[in-house]
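A structural walkthrough
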Amino acid sequence: MVKIAVLGYGTIGSGVAEVVEKNREVLTKKAGEEISIKYILDLRDFPGDPNEDKIVHDYEIIKNDSEVSIVVEAMGGVEPAFTFAKEALLAGKSFATSNKALIAKHGAELIALAEEKDLNCLFEASVGGGIPIIRPLNSCLTADVIEEISGILNGTTNYMMTEMSEMGSEFDDVLKDAQQKGYAEADPTADIEGYDACRKIAILTSLAAGKQVDFEDIYTEGITKITATDIKYAKALGRSIKLLGCSYKTGDSYCAMVAPYMLESSHPLYSVNGVFNAIFVKGNMLGDAMFYGSGAGKLPTASAVVADIVDIVRHKGKHITVQWSQEKLELADHKKLSNRYFVRATAEPADVEAAFGAVSYVTAEGVSGETAFVTEEMDEYAYEAAAEKLGGVLQRIRVR
Ligand code: HSE
């Protein structure tokens, strides 16, 4: 029997306990031995909960118990998760986590420590919730140079944009709804400002490059500036607005960014709605591949965490190689990327054309007193220069 400890009994931690309990028989078959939760670390008590007797408040108990061979972290945040992860590995215990903030910041270091100790540090659930994407990048796509990764990487914001577009819901109401459904982070600012998607594209780009991509280097915009008027224009254009995390191979490096995009209906991510995530990967040999599924929520995320536990049990005493060194990757300049832009401005069409050249104008029912248009393709430097010349820009959304 394999004894594990779960750190954090919130949405994901309680989901892990539920998956281990509900799928006990099948997990035993797949792992080759029974997986049993010995401890759950949380600051709170859970009177009446079926796992009440497993709750402990002191990590030392877990760290010092040689029966515990796997520590599963589902607390979120960088600290104390990082300290607990290091202590677990140093104490000879493998580590699995759903924590993207931890992995984006310290993934390379934890993987190196796990390798040194012939242990494992797995993090499938840190990107895309229940969607397999870390394992495919790390093992199935190793024959390829990854040329592009573009994904809807945050379930909360995709759910919000879908509800706002399809039901006409208000931003604050639909955010509350996403929180109640267990999609959002403890502080949902990370979702709506794009920080969560930023950490996820940093992890994916690190795996594609095999080097450390610092999330602080990634240009990030969230969805807080998207208005009901923008959604009306998107509908008039037959497009959907999605928050994307993107990464493109540029010479020896990658160029990565997070921002809302207006996608045309033929785009593979156009109709990914609700809490679903999808990640489009282009390999130089493979061509295009898409990974699609539930991107957030208790059981889908817990399913990916428990799959990591099974993998760790199957590889006892053997480190699973993860190509992600601690060497920093200098990202290429995102402003050199070319896009078309949807723009709303207070200017007259003659001034628009003087600044941007040829554009396509857009009208939306019930919107007046402004000029909306889509530019030709240009890089971000050219866009900024034209927008400054025009003045009075109310909105700018990149178009694909
Ligand atoms: N808050 C995250 C999301 C949870 O909405 O995608 C899954 O990482």
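In the block above lies the structure referred to throughout.
The sections below set out a description of the structure shown in this document. This one's a predicted model, so the numbers in the text were calculated from it and none came from an experiment.

1. Thoughts on the pairing of strand S17 (residues 393-399)
The element S17 is extensively covered by neighbouring structure, given that five of its seven residues are classed as buried. Relative to S17, strand S10 (residues 253-264) runs parallel, the two sharing two bridges. For Tyr-261, the partnering residue across the bridge sits in S17 and is Arg-398. In this structure, strand S13 (residues 338-345) lies alongside S17, joined through six bridges in antiparallel fashion. Looking across to S17, one finds that Phe-342 is bridged to Ile-397.

2. Considerations on the site of the ligand
Every residue near the ligand is listed here: Lys-100, Asn-154, Gly-155, Thr-156, Tyr-183, Ala-184, Glu-185, Asp-191, Asp-196, Lys-200, Gly-295 and Ala-296. With respect to the ligand, the backbone of Gly-155 contributes an N or O atom lying 2.8 Å from an oxygen atom. Glu-185 places a polar side-chain atom, nitrogen or oxygen, 2.6 Å from a nitrogen atom of the ligand. With the chains in place, 94% of the 260 Å² that the ligand exposes on its own is no longer accessible. Under a 2 Å grid-point criterion requiring more than half of the atoms, the pocket assigned to the ligand is the largest pocket. The residue inventory of the shell around the ligand, partitioned by class, reads three nonpolar, four polar and five charged.

3. Brief notes about the packing of aromatic side chains
Overall, the coordinates contain nine aromatic pairs when judged by the stated rule. Note on Phe-276 and Tyr-292: the rings are 5.1 Å apart at their centroids and 5° apart in plane angle, and the pair reads as stacked. Here Phe-276 is found in strand S11 (residues 276-283), whereas its partner Tyr-292 is found in strand S12 (residues 287-294), with 16 residues between them in sequence. What links up through ring pairs into an aromatic cluster is the set Tyr-341, Phe-356, Phe-373 and Tyr-383. Over the aromatic face of Phe-215 sits the side chain of Arg-199, whose NZ or CZ is 4.0 Å from the ring centroid.

4. Let's talk about the layout of surface pockets
Here the largest pocket is characterised by a volume of approximately 1,000 Å³. Looking at the lining of the largest pocket, the elements that each hand over two or more residues are helix H1 (11-22), helix H5 (100-116), helix H7 (155-166), helix H9 (189-192) and helix H10 (195-209). Counting residues per element, the lining of the largest pocket draws most heavily on H10, which supplies four residues. Partitioned by chemical class, the residues of the lining of the largest pocket number 16 nonpolar, 19 polar and nine charged. In this structure, the second largest pocket is lined by 17 residues; those nearest its centre are Glu-221, Gly-222, Lys-225, Gln-395 and Arg-396. Every element with two or more residues in the lining of the second largest pocket is listed here: strand S8 (219-220), helix H14 (380-390) and S17. Counting residues per element, the lining of the second largest pocket draws most heavily on S17, at six residues.

About the cut-offs
- Residues numbered from 1 in each chain as written.
- Predicted model: local features only at pLDDT ≥ 70, side-chain atom pairs only at ≥ 80, totals over all residues.
- Heavy atoms only, no water.
- Buried < 20%, exposed > 50% of the residue type's maximum accessible area, 1.4 Å probe, protein only.
- Helix = DSSP H or I, 4+ residues; strand = E, 2+ residues; numbered from the N terminus.
- Pairing = 2+ DSSP bridges.
- Near = heavy atom within 4 Å.
- Polar contact = N/O pair within 3.5 Å; in protein donor to acceptor, adjacent residues only side chain to side chain.
- Areas by Shrake-Rupley, 256 points an atom, 1.4 Å probe, with all protein chains shown as cover.
- 1 Å grid on protein atoms, 1.4 Å probe; cavity = no way out; pocket = protein on both sides within 12 Å on 5 of 7 lines; lining within 4 Å.
- Sits in = over half its atoms within 2 Å of the grid points.
- Nonpolar A, V, L, I, M, F, W, Y, C, P; charged D, E, K, R; others polar.
- Phe/Tyr/Trp six-rings, centres within 6.5 Å; stacked < 30°, edge-to-face > 60°.
- Lys NZ or Arg CZ within 6 Å of the ring centre and 35° of its normal.
- Points joined across faces, edges and corners; volume = space filled by probe spheres on them.

Honestly, that's just the spatial picture; any functional story needs more than this.
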